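The lines below spell out each chain.
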Amino acid sequence: MQQYSSLPDQNSLIDATPKLLTTIEQLRAHLWLESSLNQLQSRLNDCLLSACNTVPQAGAAQAEIFQAVINEINSAVHSSNLALTDCAVGIALFQPQETVATVCYVSSSPSPNSQPLFVEVLTAEKKLLLRLQEVIKLEDLQQLEHQQPQSAWRLADDSGNVMGWLIIATASLSSDRQSPIKSQAQLRSQLMARSAKYCTTALVQLRHILSWSQRYQQLSNSNQELERTNQLKNQFLANTSHEIRTPLSSIIGFTHLLLAPGYEPTRERQQEYLNIIQSSGKHLLALINDILDLSKIEANQLEVQWEIIDVPLLCSNVLALVKEKAANKGLKLCLELEPDITTLVADPLRLKQMLLNLIFNALKFTSEGSVGLRVAPKGVFVHFTVWDTGSGISQEDQVQLFQPYFQIAKAVAGGVEGTGLGLAVTQKLAQIHGGSVKVESEVNRGSRFTLVLPFKQEVGVGGDEGDEGAKFSSFPLHFTPSSSVEILLVENDLPNADLMQIYLRKLGYQVTWVQNAGEMWETLSVLEPAVILMDVYLADGNGLNLVQQLREHPQYRTIPVIVQTAMAMKGDRETCLATGVNDYISKPIDLPLLASLVAKYSKAPTSVDGE
């Protein structure tokens, strides 16, 4: 019987040994490659995670990825037990439309005395030095990409645009360092090619992360701004409600008192109540004007009219306006003008508004002593200093003094009237003029507010539409009856219609009142008015459209039209005049101004306080 041995033949073992060793070396190489790439991927993930958490600058995050790729490849190569050749890796960045790339990242040498390695192009026909800031031509990089063995790999974004090149430079192999792995160059190429792919993927992901982070930041900022706006809106509504209700309480209360059955106050009491009602109404109008000014300034829609101003004359006029108020409180008014101060380029209306705001505040918080205005030059600026001997302002209150609606607690408790907008508007008007407002004050030692404005401005910036319709005239109601001049009043609101009819009839005019467009056309068929007073908002049409229709009729084309309207925002006056209106007056109606306009366009000999 034939016997078989289970032991392998000795010759077969000898033949199998080289194949076994080769397989082990290949396995080691494969494990080394996958381990190195896993380490690189992990490092790149850390970079992307850091970008998600910290939202860095795009350049810094991209640099971190490039440096991570260089460091990990260099670490993998020089920490390997495989007999790989000495090599260095670098990244050359490429700008669109350029013909060269610049080496911006190079791996550090494992040996301090190592020399920079060269990249051989086309079988050593050309050698390129791999070092920082080295400039490499695009055509050389393309040759490195296509030659064998490959020495450069492109880094492209998600649109296929080349951002740079991953480059490897190797030292020549000596005969005593030949690797048992025949495909060492292939192994190295696999490492570089997949590293380049990982790098490209990380850069694309980084771009998305930065885009999302930027969008998130924009949304976060928008949410914060919306929240701030909502808080300001709530604050605005709360403060405005309080400021409106206070004078309204006086108006409604004293009106109710005057209308109460069986109550017959003396003439002096009636005059006192009417003065309170008028004062409260003016306070309401001042509040509305301040709100409009502040909103126009915040929206960058406030235009100013630059003029050369006679400073001494303007200051004298300002003090003349507050003289009576100071006298009523027993306060002395002082004006100090440096002789060098003559003229200034500014908006006269806004300058007067700023000075009046400061002086009214000084009078409001001063019970005895003096209030003064001192004007002095300081280089290219002029300083308007309003000082008083009043109660002063604490340091804590000074911090919030120029915030809209802020009012000093003791002033509120003491019943001092105010909107809390005057100083905020003054500061913003000063800034529009290229200046500022400063405050110096001590409790019980008075205050000094200094308005600093430049002497010169760029003239011709634009004109303000004017606020003549938004402010009450201080003229007393002196009038001379006119001849029977016909006035057609087109007014939708009954109380306003009654007010204007009573006033104009006392001036001697014949007033016909209609409430809508239909009644207007019917009345015009039988009446030839000297002036038409037109409301803008009517039940059956728009007053401005009616004016345009009137201008299209030859028989009505020359009749002067004055619109009375609550439209008092920027551009409203120009909008009205553009339709063919002759003049404009805003509500609440300034009666002396109304009389002046009617007299002007009707040619009637009406005089209102000399006008």
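Residues numbered from 1 in each chain as written. Predicted model: local features only at pLDDT ≥ 70, side-chain atom pairs only at ≥ 80, totals over all residues. Heavy atoms only, no water.

S.K.: Tell me about the overall build of the protein chain, and name the residues and values.
M.R.: Secondary structure summary: the protein chain contains 15 helices and 21 strands in total. In the protein chain, which comprises 611 residues, the proportion classed as buried is 42%. A sequence separation of at least 24 residues applies to 70% of the contacts in the protein chain between residues at least 6 apart. As displayed, the protein chain offers around 33,700 Å² of accessible surface, 52% of which is attributable to carbon and sulfur atoms. (Helix = DSSP H or I, 4+ residues; strand = E, 2+ residues; numbered from the N terminus. Buried < 20%, exposed > 50% of the residue type's maximum accessible area, 1.4 Å probe, protein only. Contact = heavy atoms within 4.5 Å. Areas by Shrake-Rupley, 256 points an atom, 1.4 Å probe, with all protein chains shown as cover.)

S.K.: Summarise the packing of aromatic side chains; cite the residues concerned and give the values.
M.R.: Under the counting rule described, the total for this entry stands at three aromatic pairs. Plain terms: the ring middles of F66 and Y105 are 5.5 Å apart, the flat faces sit at 45 degrees to each other, and that makes the pair tilted. A residue pair is termed long-range when its members are at least 10 positions apart, and F66 in helix 2 (residues 58-78) and Y105 in strand 2 (residues 100-106) qualify at 39 residues. Neither F66 nor Y105 differs from the other in exposure class; each is buried. (Phe/Tyr/Trp six-rings, centres within 6.5 Å; stacked < 30°, edge-to-face > 60°.)

S.K.: Explain the pattern of salt bridges to me, using residue names and the numbers behind them.
M.R.: Counted by the stated rule, this structure contains 10 salt bridges. Taking the shortest distance from any N to any O, the salt bridge between E145 and R154 comes out at 2.9 Å. Residue class for E145 comes out buried when judged on its relative accessible area of 15%. With a closest N to O distance of 3.0 Å, E272 and R269 form a salt bridge. Taken together, the residues E272 and R269, both in helix 5 (residues 267-298) and three residues apart, mark about one turn of the helix. For E272, a relative accessible area of 36% gives the class partly exposed. With a relative accessible area of 41%, R269 lands in the partly exposed category. A single salt-bridge network, built from bridges that share partners, covers E336, E338 and R374. (Salt bridge = Lys/Arg side-chain N within 4 Å of Asp/Glu carboxyl O.)

S.K.: Which residues make up the environment of V375, and what values do they have?
M.R.: Locating V375 in the fold gives a position in strand 11 (residues 370-378). Residue V375 is classed as buried on the basis of its relative accessible area of 0%. Sequence-wise, V375 and I341 are 34 residues apart; in three dimensions their C-alpha atoms are separated by 7.5 Å. Contacts of V375, omitting those with residues within four sequence positions, involve V311, C315, E336, L337, E338, I341, V382, H383 and F384.

S.K.: So, the sheet that holds strand 21 (residues 583-586): which residues are in play, and what are the values?
M.R.: Taken in spatial order, the five strands of this open sheet run 16-15-17-20-21, and their pairing is parallel. The outermost strands of the open sheet, each flanked by one partner alone, are strand 16 (510-514) and strand 21. Here the average twist between neighbouring strands, direction ignored, is 20 degrees. Pairing of strand 15 (residues 486-490) with strand 16 involves five bridges; the strand directions are parallel. Directly across from L488, in strand 16, lies its bridge partner T512. Helix 15 (residues 591-602) rests against strand 15, strand 17 (531-535), strand 20 (561-565) and strand 21 of the sheet, and its axis sits at about 165 degrees to strand 21. (Pairing = 2+ DSSP bridges. Axes fitted to C-alpha atoms, helices over the stretch in contact; angles between N-to-C directions.)

The values are spatial; any link to function lies outside them.
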